[in-house]
Amino acid sequence: MKTQVAIIGGGPSGLLLGQLLSKQGISNIILERMTGEYVLGRIRAGILEQGFADLVREAGVSERMDAEGIVHEGFELAFNEQSTYIDVKNLTGGDTVLCYGQVEITADLMEARDAAELETYYEAKDVELHDVNTESPSATFTQNGETYRLECDYIAGCDGFHGVSRPTIPAELRTEHEKVYPFGWLGVLSETPPASKELIYSKSDRGFALVSMRSETRSRYYIQVPLTDNVEDWSDDAFWDELRKRLPPKAADNLVTGPSIEKSIAPLRSFVCEPMQYGRLFLVGDAAHIVPPTGAKGLNLAASDVATLYKIMTRVYKEGDASCVSQYSDIALRRVWNGERFSWWMTNMMHKFDASETSDSELGNVTFSRFMASELSYYTGSESGKKVIAEQYVGLPYEDLKP
Ligand code: APR
Ligand code: PHB
């Protein structure tokens, strides 16, 4: 088999990239280790920056997103009884974010790919990448006991944190930066109206809580829990009780409880791999970086990688200029580091640190907590502080390629 761009991984990054490339007439084949149903079973955040939404529009897959997505003009940052509204739209001169679940985006992209009869190999096992540092890379894999070889010009490694692409870059050529936080998020999805129209990031003396949603009748909530907790430790009632105690009074009063449809604990991690390319292999999305979910940057950083690689591939194939390929890692990493820093900062500022670990090992816990409380009241207490938060929440502009 032969294609121009082999895409490893059929999550949101791989699917969005494939759709955009196809629009430009650039051939691509996706190799996905799992089934489509499995990919759609993963529940994740759903706050889309304007840049992401525009990219989905450019890919021609925005119909349902535009009809069903909920525009959010701001969000609340709460600290115990106090709550500050970050009026993102006014503070940024008109930008907003769109609340639309990642599962929905993924489903829309899959459907569009099927409709366009673009090739995807699901349950592609044992994927291995070959000769990525030459002009003729390839990927081998097995499916239903058969072995295949896919020859290509370039490989997009969109295979998430546990994929094969990142380890294909020789260990001595890559640097991995990692921080694991001393707590996790217990998330609950329920068929109940959300406690608030917009998101609430709430810090309390009991720990962090988040009010989010999937629709006007479906809520998504999270609370910070110790890493030693198991999902089985948390009955629905215990979850609702704890959530209520951590929300600002108005949201606590508005909270409508019901049975959980999904309940899980996710660890929080910051991770970046440098560089994000090796020869003709490019790392995209979770394959190269992970952020803690505070600030909802995970999917959005994946989208900016896709945007950069899409521009590069378009220039390569439309203008015959392959020299721009070397720009990928630097451009992608600049935005990635900014998103990493913002997510790390929001995580530090909004969570309760009472384990021995803080982000700065020279500070004691109490000092660290005081600094973070001061940081929160400083930023929420002034227009310029709120503007700094708003501007990053909607996402920095995508960088153009150099001429
Ligand atoms: N071979 C083929 N496919 C693989 C392999 C492999 N060896 N390893 C992993 N995959 C597939 C996974 O099954 C998954 O479907 O790659 C896909 C990666 O998808 P995601 O993990 O969702 O990553 P990505 O597409 O980059 O999505 C961006 O950012 O913060 C997050 O929540 C956000 O999941 C979202 C992600
Ligand atoms: C979510 O809706 O799942 C969500 C929203 C915002 C975040 C994280 C998760 O910062």
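Whatever comes next refers back to the structure up there.
Values in this document were obtained by computation on a predicted structure and should not be read as measured data. (Residues numbered from 1 in each chain as written. Chains lettered and ligands numbered in written order. Predicted model: local features only at pLDDT ≥ 70, side-chain atom pairs only at ≥ 80, totals over all residues. Heavy atoms only, no water.)

Caption draft 1: Main features of the site of ligand 2. As a structural note, the neighbourhood of ligand 2 is formed by 13 residues, with Tyr201, Ser212, Arg214, Tyr222 and Pro293 the closest of them. Contact between ligand 2 and Gly295: an oxygen atom at 3.3 Å from a main-chain N or O atom of the residue. In this structure, Ala296 approaches ligand 2 through a main-chain N or O atom, which is 3.1 Å from an oxygen atom. Taken by itself ligand 2 offers 270 Å² of open surface, and the protein chains cover 99% of this. Of all the secondary-structure elements, those providing two or more residues to the shell around ligand 2 are β15 (207-215) and β16 (218-226). Here the shell around ligand 2 is composed, by residue class, of nine nonpolar, two polar and two charged. (Near = heavy atom within 4 Å. Polar contact = N/O pair within 3.5 Å; in protein donor to acceptor, adjacent residues only side chain to side chain. Areas by Shrake-Rupley, 256 points an atom, 1.4 Å probe, with all protein chains shown as cover. Helix = DSSP H or I, 4+ residues; strand = E, 2+ residues; numbered from the N terminus. Nonpolar A, V, L, I, M, F, W, Y, C, P; charged D, E, K, R; others polar.)

Caption draft 2: Examining the sheet that holds strand β20 (residues 289-290) more closely. The strand order across the open sheet formed by eight strands is β6-β5-β14-β15-β16-β13-β17-β20, and the pairing between neighbours is mixed. With one partner strand each, in any of the chains shown, β6 (82-86) and β20 form the two edges of the open sheet. When strand β17 (residues 260-274) meets β20, the two strands line up antiparallel, connected through two bridges. Bridging from a neighbouring strand, Phe271 pairs with Ile290 of β20. Across the sheet, helix α12 (residues 365-380) lies against β5 (75-79), β6 and β14 (200-204), angled at about 140 degrees from β5, the strand it touches most. Taken strand by strand, helix α13 (residues 383-394) contacts β5, β6 and β14, and its axis lies near 60 degrees from that of β6. (Pairing = 2+ DSSP bridges. Contact = heavy atoms within 4.5 Å. Axes fitted to C-alpha atoms, helices over the stretch in contact; angles between N-to-C directions.)

Caption draft 3: Representation of the packing of helix α11 (residues 328-350) against α12. Contact geometry for α11 and α12: axes closest at 8 Å, N-to-C directions at 110 degrees. By the angle class used here, α11 and α12 are roughly perpendicular. Taking contact as the criterion, the partners of Trp345, Asn348, Met349 and Met350 in α11 are, on α12, Phe368, Met372, Glu375, Leu376 and Tyr379. When the residues that make up the contact of α11 with α12 are grouped by side-chain class, the tally is seven nonpolar, one polar and one charged. (Parallel < 35°, antiparallel > 145°, perpendicular 65-115°, else oblique.)

Caption draft 4: View of the pattern of salt bridges. Summed over the entire model, instances satisfying the criterion amount to 22 salt bridges. Of the charged contacts in the structure, one is a salt bridge between Asp108 and Arg64, with a shortest N-O distance of 2.9 Å. Of this pair, Asp108 sits in helix α6 (residues 102-115) while Arg64 sits in helix α4 (residues 63-68), and the two are 44 residues apart along the sequence. Judged by its relative accessible area of 9%, Asp108 falls in the buried class. With relative accessibility at 28%, the residue Arg64 sits in the partly exposed group. Residue Glu242 is joined to Arg206 by a salt bridge in which the shortest nitrogen-to-oxygen separation is 2.9 Å. Remark: Arg206 occurs in the loop between β14 and β15 and Glu242 occurs in helix α8 (residues 236-246); sequence separation between them is 36 residues. A residue is classified by how much of its surface remains accessible, and Glu242, at 11% relative accessible area, is buried. (Salt bridge = Lys/Arg side-chain N within 4 Å of Asp/Glu carboxyl O. Buried < 20%, exposed > 50% of the residue type's maximum accessible area, 1.4 Å probe, protein only.)

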